[in-house]
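Listed here are the chains, written in short residue letters.
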Amino acid sequence: MKVLVINCGSSSIKYQLYDMPAGNVLAKGLLERIGEPTSRLLHQARGAAHEIPCAAEDHVAGMETILATLASPDKGVMGAITEIGACGHRVVHGGEEFTGSVIIDGDVIASIERFADLAPLHNPPNLAGIRAARRELPDVPQIACFDTAFHATIPEVAYLYALPYALYEQYRIRRYGFHGTSHRYVARRAAALLGRDKYDINAITCHLGNGCSMAAVRGGRSADTSMGLTPLEGLVMGTRSGDFDPAILMYLAEKGMDTRRLNSLCNKESGLLGISGISNDMRNLAAQARNGERRAALAIDMFCYRVRKYIGAYTAVLGTLDAVVFTGGIGENSPLVREKSCGALAQIGIELDPEKNARPPAREADVAAAASRVRVLVIPTDEEAAIAQDTYALAQDKEQP
Ligand code: AMP
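S.K.: How would you explain the sheet that holds strand β10 (residues 212-218) if you had to name every residue and give the values?
M.R.: Pairing is mixed in the open sheet, where six strands are placed in the order β11-β10-β9-β12-β14-β13. Each edge of the sheet is formed by a strand with only one pairing partner; in this case those strands are β11 (221-225) and β13 (365-366). Relative to β11, β10 is paired through four bridges, and the arrangement is antiparallel. Each residue of the ladder has a partner; that of Ala215, found in β11, is Thr225.

Here it is in structure tokens:
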């Protein structure tokens, strides 16, 4: 069965076409600048990359272009779009309602719409993609995979904020967590690498990309995570602050900043960018730090210090720990960040092998010292593959893997 995986942003559609159950990627691409006259499709298939200018005025037009390209004689990989057997969509916020992936119907769409209140930047474009795909592929099962779903197992003691309980009752203000598809994927891969059942592992998973979050995984299920009601809480990120004293917001409000300004300040002007004043990009900052830029070095140190703090906290949450897993652009590629985040933690059983950390011996690698009680794993995340697996399973009336 061919499974199309869709990830829609406000002005973009990312897609991958999988041959399931083998899991081979037949084609992938990105349609960007939707709504602008200069929109273009970057499409890869059969070992060739194509840049196709188009004028996609909305997500429906974008989806039409993508499907036509997938079935085109020269750049395509199938005779007709009717070969697509199921379509999987990344959806950021599933509220408390969705604890796993689901087949999309009118009720699911209404719920995703309702949760747009909690994820105004993400759920509306995710819905636009769902609507476009349902229109273009009306007879194909559409599946929603929620970023929040893996964290549905977090206990009340960890998901509630110590605010008046009425706020939870009235507005459902609580920790939801995000990057769930990634945390689940790498936790399962970690269990497989250690030769264990997927529900027989305690791990701390660190998704460190432009957005960053960590999860405490107990028995293969999320027990806590660093992001909260929104993806702002927790770690230092590219442009997001992560944790800080909320009284700072009230202080700044008294100084005259309105909610729009504060929102931009915390989400777009903080984190690595805010501290360094140079860049939100770790590679760039590492180069600047090597050149002696003090604030670039400080931003990296603060980033790693926060990861280290959460490793300590989640070790205490879990009690016993089998593995720390690094993933995401930074987690997978930065030995410096891994070393600063979990070097010299032999006290709690975590010992890196400096050579292996500097040059992981394989794509998925154990970079801990032989004597380390806790394994330290580098595992490239693959959220699209996880969505494809869920989609394939649900389209066949099976439980998600
Ligand atoms: P992602 O959002 O997962 O694509 O991750 C983006 C982040 O990964 C950016 O901060 C990049 O600078 C960082 N990154 C990618 N490659 C490297 C690398 N080789 N070393 C350090 N950071 C990297």
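S.K.: Provide a residue-level description of the site of the ligand, including the pertinent values.
M.R.: Surveying the vicinity of the ligand reveals the residues Gly209, Asn210, Asn280, Asp281, Met282, Arg283, Gly328, Gly329, Ile330, Asn333 and Ser334. Met282 is positioned with one of its backbone polar atoms (N or O) 3.0 Å from an oxygen atom of the ligand. Take Gly329: an N or O atom from its main chain is 2.9 Å from an oxygen atom of the ligand. Coverage of the ligand by the protein amounts to 69% of the 500 Å² it exposes when considered alone. The element contributing the most residues to the shell around the ligand is helix α12 (residues 328-333), with four residues. Of the residues assigned to the shell around the ligand, the class counts are two nonpolar, seven polar and two charged.

S.K.: Report on the packing of helix α2 (residues 106-114) against helix α3 (residues 123-136), specifying residues and quantitative values.
M.R.: Any two packed helices are characterised by how steeply their axes cross, that is the angle between the axes, and by the distance between the axes. Relative to each other, α2 and α3 sit at 155 degrees, their axes nearing to 9 Å. It follows from the interaxial angle that α2 and α3 lie roughly antiparallel. Crossing geometry of α2 relative to α3 is assigned as left-handed. Touching Ile109, Ile112 and Glu113 of α2 are Asn123, Leu127, Ile130, Arg131 and Arg134, all from α3. Classifying every residue of the contact of α2 with α3 by side-chain character gives four nonpolar, one polar and three charged.

Cut-offs and rules
- Residues numbered from 1 in each chain as written.
- Predicted model: local features only at pLDDT ≥ 70, side-chain atom pairs only at ≥ 80, totals over all residues.
- Heavy atoms only, no water.
- Pairing = 2+ DSSP bridges.
- Helix = DSSP H or I, 4+ residues; strand = E, 2+ residues; numbered from the N terminus.
- Near = heavy atom within 4 Å.
- Polar contact = N/O pair within 3.5 Å; in protein donor to acceptor, adjacent residues only side chain to side chain.
- Areas by Shrake-Rupley, 256 points an atom, 1.4 Å probe, with all protein chains shown as cover.
- Nonpolar A, V, L, I, M, F, W, Y, C, P; charged D, E, K, R; others polar.
- Axes fitted to C-alpha atoms, helices over the stretch in contact; angles between N-to-C directions.
- Parallel < 35°, antiparallel > 145°, perpendicular 65-115°, else oblique.
- Left-handed = near helix turned anticlockwise from the far one by under 90°.
- Contact = heavy atoms within 4.5 Å.

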